[in-house]
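For reference, the chains in residue letters:
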Amino acid sequence: MNASGWPDLMSALYDLLFAPFADFEFMRRALVGAMALALAGAPVGVFLILRRMSLTGDAMAHAILPGAAIGYLIAGLSLGAMTAGGMIAGFVVAIASGAVARATALREDASLAAFYLISLALGVTIVSLKGSNVDLMHVLFGNVLALDDATLLLLAAIASLTLLGLAALYRPLVMETVDPLFLASVSRAGAPAQLIFLGIVVMNLVAGFHALGTLMAVGLMMLPAAAARFWSADISAMVAISAGFGLASTYLGLTLSYHSGAPSGPAVILMAGAIYLVSMVLGRAGGLIRLLRPRHHLEA
Amino acid sequence: MTIALRFNNLTLGYDRHPAVHHLDGVVESGDLLAVCGPNGAGKSTLLKAIAGAIQPLGGEVERLACKARDIAYLPQAAEIDRSFPINVFDLVSMGFWRSAGLFGGLSRAKEARVYDAIASVGLTGLEDRPIGTLSGGQTQRMLFARLLLQDAPVILLDEPFTALDSKTTADLLEVVARWHGEKRTVVAVLHDDEIIRRCFPKALLLAREPVAWGETAQVLGAENLLRARRMVEAFDREAHECERVA
């Protein structure tokens, strides 16, 4: 490479990796908001996976739609109304489906499916009857490139609350997942821990829905956590790895979307998906390569 | 003598059908008591009631030694999620829950006690192993280590030696003997008469109704065992309301 090559390369790299964020405030806002989501979503996703509730997260994401829609009906595209509506709808579905599962012969997964399907249909109906298609797109896919101050504050507040809440709940949640009978024999913390955890899930989905929309919100929770499982068999390491993957996906996704013109929310989730697929193949803890080409067994 | 547990006309069961019927008696502090009897005699149900996991249909369990949550209880089929990414050391440390709570740290001294507990069940060297890689016997040893840390005055074991080989059984019986030496109250549901005769000074023979309770040699006499076998009648759907009083 000749002497003049270096500056060219550096400036090309700068244009590629830094310029989008240095030059445009909306990109910086998008990055900060999405990173807050990724940071809080990581431990939530890890617990969802370990508690075998991966699909519960998805179902709950759909369930918050009518709440947000009703908030929208009442107050238009208002942050407060749509947030409150989404939270209320999420809690109602979570508690109602839990109650139906306990009181009737229907199992929890089936009753949750029933409630979220009704909820989703209701939500789409309300939005499309009363709003324009642009609004519907906003609710379904979010708009990470138009985060205002209030929304950023909301995302940051929810992320902080989530991390504090999970720090407090960490032990009972781990114990409740590994050995529920043991926790029940030494403490009453099991049931409230489970309920608060569900509350945290709903809160993060509502936060995610402002940036990524109801359909994509779960992606930033589940994909990095699922990818982390391929790299570690230790829960605290999984949380750290998953947060790292989440942060990387938001940066890579936004950069990709800036240069290619791809919609930003889906670009972020696609990057998380790419990290998941690569981890599935290369991961040290149960990845495909390790499975297909196991190392030779030890002596003892 | 001090009393650890007292059963007052205790009736336990499911859907109003009794599994343990009108049990009276006391477990003294420091007792090493085996609960035996045929399948369906209500042995596990009795332990669950002592641990406070189920409510009696009638009568009561008085816990005079400690509160229900300070009792260490090892259920028959521990519902452990063995695929959970946690290692032996961390799982055994859960025994400190009552003293550590949500945030309490693991001091040097406590850490040393975790290693001690793991050593006394013969699992030294496996501290960092994920729990999913342990054998059945090793898993039971690990759960005994956790019981050790719970430091409970009353310990309940539900068929703790089922499906274990003789070496593991002998090692864990040693742990039980140590608890007995420390004057802890141990109540264990067991099926193996030979182990009961050899290691448990007292026995309760249960066949839904209490058959005999006292010195092991007398309780496990041939006549009592025969009676116990006859007494576990078939489940009666048309059963009338029990009118017996205390």
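Residues numbered from 1 in each chain as written. Chains lettered and ligands numbered in written order. Predicted model: local features only at pLDDT ≥ 70, side-chain atom pairs only at ≥ 80, totals over all residues. Heavy atoms only, no water.

1. Points about the overall build of chain B
Part 1 of the argument: The secondary structure content of chain B amounts to 9 helices and 9 strands.
Part 2 of the argument: By the compact-globule yardstick of 18 Å for 246 residues, chain B fits well, its C-alpha radius of gyration being 19 Å.
Part 3 of the argument: Counting only C-alpha atoms and orienting by the principal axes, one finds that chain B spans roughly 55 × 40 × 35 Å.
Part 4 of the argument: Looking at the 246 residues of chain B, the share that counts as buried comes to 50%.
Part 5 of the argument: Sequence-distant contacts in chain B: of pairs separated by 6 or more residues, those separated by 24 or more amount to 70%.
Part 6 of the argument: Where the 28 positive side-chain charges of chain B centre and where its 32 negative ones centre are 2 Å apart. (Helix = DSSP H or I, 4+ residues; strand = E, 2+ residues; numbered from the N terminus. Rg over C-alpha atoms; globule rule 2.2 N^0.38 Å. Buried < 20%, exposed > 50% of the residue type's maximum accessible area, 1.4 Å probe, protein only. Contact = heavy atoms within 4.5 Å. Lys, Arg positive; Asp, Glu negative; His and termini not counted. Charge placed at Lys NZ, Arg CZ, Asp CG, Glu CD.)

2. Some thoughts on a nonpolar patch on the surface
Residue and element names in this part refer to chain A.
Part 1 of the argument: A cluster of nonpolar side chains, Val278, Val281, Leu282, Leu288, Ile289, Leu291 and Leu292, forms an exposed patch at the surface whose accessible area comes to about 650 Å².
Part 2 of the argument: The element best represented in the nonpolar patch is helix 15 (residues 288–292), accounting for 4 residues.
Part 3 of the argument: With respect to the secondary-structure elements, Leu291 resides in helix 15. (Patch = residues over 30% accessible without salt bridge, like charges linked within 9 Å, V, L, I, M, F, W, Y side chains within 5 Å. Areas by Shrake-Rupley, 256 points an atom, 1.4 Å probe, with all protein chains shown as cover. Salt bridge = Lys/Arg side-chain N within 4 Å of Asp/Glu carboxyl O.)

3. A short note on empty space enclosed by the protein
Residues and elements named next belong to chain A.
Part 1 of the argument: By the definition in use, this model includes 2 cavities of 30 Å³ or more.
Part 2 of the argument: In this structure, the largest cavity is lined by Leu37, Gly41, Asn204, Gly208, Ala217, Leu220 and Met221.
Part 3 of the argument: Secondary structure elements with two or more residues in the lining of the largest cavity: helix 3 (25–50), helix 11 (190–212) and helix 12 (219–229).
Part 4 of the argument: Looking at the lining of the largest cavity residue by residue, the classes come out as 4 nonpolar, 3 polar and no charged. (1 Å grid on protein atoms, 1.4 Å probe; cavity = no way out; pocket = protein on both sides within 12 Å on 5 of 7 lines; lining within 4 Å. Points joined across faces, edges and corners; volume = space filled by probe spheres on them. Nonpolar A, V, L, I, M, F, W, Y, C, P; charged D, E, K, R; others polar.)

4. Let's talk about the domain arrangement of chain B
All names here are of chain B.
Part 1 of the argument: By domain assignment, chain B separates into domain 1 (1–71 + 154–163 + 183–246) and domain 2 (78–151).
Part 2 of the argument: Where domain 1 abuts domain 2, roughly 550 Å² becomes buried across the two surfaces, and 46% of that area is made up of carbon and sulfur atoms.
Part 3 of the argument: Taken as a group, Arg69, Pro160 and Arg184 account for 51% of the area that domain 1 buries against domain 2, more than any other trio of residues on that side.
Part 4 of the argument: Counting the contacts that link domain 1 with domain 2 gives 2 salt bridges. (Domains from an automatic or database assignment. Buried area = accessible area lost by both parts, 1.4 Å probe.)

5. Examining the sheet that holds strand 1 (residues 3–14) of chain B
Residue and element names in this part refer to chain B.
Part 1 of the argument: One open sheet accounts for 3 strands, arranged 2-1-4; its pairing is antiparallel. Each end of this open sheet is capped by a strand with a single partner; those strands are strand 2 (17–28) and strand 4 (58–63). Sheet twist, expressed as the average angle between the axes of neighbouring strands with direction ignored, equals 15°.
Part 2 of the argument: In this sheet, strand 2 lies alongside strand 1 in antiparallel orientation, the contact comprising 8 bridges. Of the residues in strand 2, the one forming a bridge with Ile3 is Glu28. (Pairing = 2+ DSSP bridges. Axes fitted to C-alpha atoms, helices over the stretch in contact; angles between N-to-C directions.)

6. Digging into helix 13 (residues 235–260) of chain A
Part 1 of the argument: Its 26 residues place the ends of helix 13 of chain A 36 Å apart at the C-alpha level, agreeing with the 38 Å of an ideal helix rising 1.5 Å per residue.
Part 2 of the argument: Where helix 13 of chain A terminates, the next one or two residues include Gly261 of chain A, which has phi positive at roughly 80°. (Expected span 1.5 Å × (residues − 1).)

7. What to know about unusual backbone geometry
Residues and elements named next belong to chain B.
Part 1 of the argument: The phi torsion at His22 lies on the positive side, around 50°, for a residue other than glycine.
Part 2 of the argument: When you line up the elements, His22 lands in strand 2.
Part 3 of the argument: Unlike most non-glycine residues, Ala163 shows phi in positive territory, near 65°.
Part 4 of the argument: Mapped onto the secondary structure, Ala163 falls in the loop between strand 6 (154–158) and helix 6 (166–181).

8. Things to note about the pairing of strand 8 (residues 202–207) of chain B
All names here are of chain B.
Part 1 of the argument: With 5 of 6 residues buried, strand 8 is to be regarded as a mostly interior element.
Part 2 of the argument: As defined by bridge partners, strand 8 adjoins strand 9 (residues 209–215) across 6 bridges and the pair is classed as antiparallel. Bridge pairing in strand 9 places Ala207 opposite Glu209.
Part 3 of the argument: Hairpin remark: strand 8 followed by strand 9, antiparallel, with 1 residue in the connecting loop; positive phi at Arg208, about 70°.

9. Describing the pattern of salt bridges
All names here are of chain B.
Part 1 of the argument: Following the criterion strictly, the structure yields 15 salt bridges over all chains and no others.
Part 2 of the argument: Notably, a salt bridge pairs Arg98 with Asp70, separated by 3.1 Å at the nearest N-O pair. With Arg98 in helix 3 (residues 97–100) and Asp70 in the loop between strand 4 and strand 5 (72–74), the pair connects residues that are 28 residues apart, well separated along the chain.
Part 3 of the argument: Of the charged contacts in the structure, one is a salt bridge between Asp171 and Lys167, with a shortest N-O distance of 2.8 Å. Pair noted here: Asp171 and Lys167 are both in helix 6, with a separation of 4 residues, about one helical turn.
Part 4 of the argument: Several salt bridges converge on common partners, so that one network encompasses Asp151, Arg178, Glu182 and Arg184.

10. Things to note about the packing of helix 6 (residues 79–103) of chain A against helix 11 of chain A
Residues and elements named next belong to chain A.
Part 1 of the argument: It is at 9 Å that the axes of helix 6 and helix 11 come closest, and there the two elements cross at 145°. The way helix 6 lies across helix 11 gives a crossing that is right-handed. Residues Leu79, Met82, Thr83, Gly86, Met87, Gly90, Phe91 and Ala94 of helix 6 pack against Leu198, Gly199, Val202, Met203, Val206, Phe209 and His210 of helix 11.
Part 2 of the argument: Among the residues making up the contact of helix 6 with helix 11, the classes are represented as 10 nonpolar, 5 polar and no charged. (Left-handed = near helix turned anticlockwise from the far one by under 90°.)

11. Re the packing of aromatic side chains
Part 1 of the argument: For the coordinates displayed, the defined rule picks out 11 aromatic pairs over all chains.
Part 2 of the argument: A ring pair is formed by Phe230 of chain A and Tyr276 of chain A, whose centres lie 5.9 Å apart and whose planes are at 55°; its orientation type is tilted. Note that Phe230 of chain A is positioned in the loop between helix 12 and helix 13 and Tyr276 of chain A in helix 14 (residues 264–282), a separation of 46 residues in sequence.
Part 3 of the argument: Under the relative-accessibility criterion, Phe230 of chain A is labelled buried at 17%.
Part 4 of the argument: Owing to a relative accessible area of 23%, Tyr276 of chain A belongs among the partly exposed residues under this scheme.
Part 5 of the argument: An aromatic cluster is defined as three or more aromatic residues linked by ring pairs; in this entry it consists of Phe24, Phe26 and Tyr258 of chain A.
Part 6 of the argument: For the cation-ring pair, Lys110 of chain B lies above Phe96 of chain B, with the distance from its terminal atom to the ring centre recorded as 5.2 Å.
Part 7 of the argument: A cation sits over an aromatic face here: Arg146 of chain B above Phe182 of chain A, 3.6 Å from the ring centre. (Phe/Tyr/Trp six-rings, centres within 6.5 Å; stacked < 30°, edge-to-face > 60°. Lys NZ or Arg CZ within 6 Å of the ring centre and 35° of its normal.)

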